[in-house]
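Here are the chains, one letter per residue:
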Amino acid sequence: MRFFKSALYILAVIVAQTVIFPRLNFFGVIPDLVLVSAVAFAVVAERTPSNIFSAVISLIQDILSTGIYINTLVKVIAANAINSVKEGFAGDEYALTAGMVALLTPIQLLAEGAILYFFWERQFSPAYFIFKLLAATIYNLMLVPLIFPLIKEINRAD
């Protein structure tokens, strides 16, 4: 049953990320529901299921978007890092999820911006990039209270 709930959740997240959220942008900044979901799943699940979940959902996101596969790389590495950190973390799961989202959103945007700037020679505006880092981090942190209970319910053993 957990597999079907996860598959349905992945489908809903991909539809929301590719169809709904681009229309809810704030000066070109859209939330990354896939990142928040991958982080929350890595916090509440074991290492192997969280790696599979992160790889599948981020690969689908990359296939449906630009296709530079930076999302898959960042989210699978993030899932492994979170699984290593949570073993020694003394706080609760919700605090770890919010902290990791706040840390990983700028890291992903920096990696994506560097690749687009150095390899595809896109224009770079430092002021807009700083705004994008702040706005995307706030946007993603606003999604944590909505996504974390869903992921916890999906991961609950029946």
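Just above, that's the structure.
A brief look at the structure comes next. (Residues numbered from 1 in each chain as written. Predicted model: local features only at pLDDT ≥ 70, side-chain atom pairs only at ≥ 80, totals over all residues. Heavy atoms only, no water.)

## Quick word on the side chain of Asn83
Residue position: Asn83 is located in helix α4 (residues 70–86). When its relative accessible area of 2% is taken as the criterion, Asn83 is described as buried. In contact with Asn83, other than residues within four places in its own chain, are Ala42, Ala45, Glu46, Arg47, Ser50 and Asn51. (Helix = DSSP H or I, 4+ residues; strand = E, 2+ residues; numbered from the N terminus. Buried < 20%, exposed > 50% of the residue type's maximum accessible area, 1.4 Å probe, protein only. Contact = heavy atoms within 4.5 Å.)

## Brief notes about helix α2 (residues 33–44)
When the terminal C-alpha atoms of α2 are compared, their 17 Å separation across twelve residues agrees well with the 16 Å that a helix rising 1.5 Å per residue should span. The element α2 is extensively covered by neighbouring structure, given that twelve of its twelve residues are classed as buried. What α2 keeps buried is the set Leu33, Val34, Leu35, Val36, Ser37, Ala38, Val39, Ala40, Phe41, Ala42, Val43 and Val44. Packing partners of the buried residues in α2 comprise α1 (2–20), α3 (47–64), α4, α5 (93–119) and α6 (126–155). (Expected span 1.5 Å × (residues − 1).)

## What about the environment of Tyr9?
Counting through the fold element by element, Tyr9 comes out in helix α1. Excluding residues within four positions of it along the chain, Tyr9 makes contact with Ser37, Phe53, Ile147, Leu150, Ile151 and Ile154.

## A few points about the packing of α2 against α4
It is at 9 Å that the axes of α2 and α4 come closest, and there the two elements cross at 30°. Comparing their axes, α4 and α2 come out roughly parallel. You can see that α2 and α4 cross each other, and the crossing is right-handed. Here α2 contributes Val34, Leu35, Ala38, Val39, Ala42, Val43 and Val44 to the contact with α4, which in turn contributes Lys75, Ala79, Ile82, Asn83 and Lys86. (Axes fitted to C-alpha atoms, helices over the stretch in contact; angles between N-to-C directions. Parallel < 35°, antiparallel > 145°, perpendicular 65-115°, else oblique. Left-handed = near helix turned anticlockwise from the far one by under 90°.)

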